[in-house]
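These are the residues of each chain, in order.
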2 protein chains.
Amino acid sequence: MLHHVVTFSWKKDITDEQVESFHKALDAISASIPQVVEFRYGRDLALKPGIGDYAISAIFEDVPAFRAYLVHPDHVRLVEEFISVMSESYSSIQFEFA
Amino acid sequence: MLHHVVTFSWKKDITDEQVESFHKALDAISASIPQVVEFRYGRDLALKPGIGDYAISAIFEDVPAFRAYLVHPDHVRLVEEFISVMSESYSSIQFEFA
């Protein structure tokens, strides 16, 4: 299986409304993209402030399934309409697990 | 439930041996810290190079369980002996999910 982990730090001027819209777009993606096995995401609880604002944790069967996810129109739109607009920085890591 | 997500970018001079030792330390922690419900971690597969080297995805019952994990001696040692030595930067995000 493949675990896809993304952590975001937002730009200073990003509003709660924008984050809420992003959250809803992720709600839609978790249902619309068939390769997604598990899809969890959310705002940081600020338990350890200052090192990230939002995270996505997703599971795929394998690398081909993940690559299909990346090019799916709904994911491409997510990147164009939200991630590239809102992110100051982000990390995106994929690792395999048994 | 609480999802704890950490993404790391290593310093330039970090060796494979150091990463392997870190990986083994995480193997031990997933068994030694009772509050850990699920603990997955691994090296980035470089499918999308350049935005992170390693990730941890862990699940806890709730915030108190996560706080107990943070102060557990094995986690404190992990931070002192590996994370603070190896990381150029990292993001650490906790979010709640149903």
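Provided above is the structure to which this section pertains.
Note that the coordinates shown come from a computational prediction; the quantities given were computed from them, not determined experimentally.

Quick look at unusual backbone geometry
In step 1: Not every positive phi belongs to a glycine, and A:Ala46 is a case in point at roughly 60 degrees.
In step 2: Within the fold, A:Ala46 resides in the loop between β2 (38-43) and β3 (54-60).

Comments concerning the sheet that holds strand β4 (residues 87-96) of chain A
All names here are of chain A.
In step 1: Read across the open sheet, the 4 strands follow the order β2-β3-β1-β4; overall the sheet is antiparallel. Of all strands in the sheet, those bounded by a partner on one side alone are β2 and β4. Recorded for the sheet is a direction-independent mean angle of 10 degrees between the axes of neighbouring strands.
In step 2: Judged from the 7 bridges that link them, strand β1 (residues 2-10) and β3 form a sheet pairing that is antiparallel. Each bridged residue has a counterpart across the sheet, and for His 4 the counterpart in β3 is Ala 58.
In step 3: Lying on the sheet, helix α1 (residues 16-32) is in contact with β1, β2 and β3; it crosses β2 at an angle near 175 degrees.
In step 4: This element, helix α3 (residues 73-86), spans β1 and β4 of the sheet and lies at about 115 degrees to β4.

Some remarks on the packing of helix α2 (residues 63-71) of chain B against helix α3 (residues 73-86) of chain B
All names here are of chain B.
In step 1: It is at 5 Å that the axes of α2 and α3 come closest, and there the two elements cross at 60 degrees. One way to sum up the angle between α2 and α3 is to call them oblique. Contacts between α2 and α3 involve Tyr 69, Leu 70 and Val 71 on the former and, on the latter, Pro 73, His 75 and Val 76.
In step 2: Classifying every residue of the contact of α2 with α3 by side-chain character gives 5 nonpolar, 1 polar and no charged.

How each quantity is defined
Residues numbered from 1 in each chain as written. Chains lettered and ligands numbered in written order. Predicted model: local features only at pLDDT ≥ 70, side-chain atom pairs only at ≥ 80, totals over all residues. Heavy atoms only, no water. Helix = DSSP H or I, 4+ residues; strand = E, 2+ residues; numbered from the N terminus. Pairing = 2+ DSSP bridges. Axes fitted to C-alpha atoms, helices over the stretch in contact; angles between N-to-C directions. Contact = heavy atoms within 4.5 Å. Parallel < 35°, antiparallel > 145°, perpendicular 65-115°, else oblique. Nonpolar A, V, L, I, M, F, W, Y, C, P; charged D, E, K, R; others polar.

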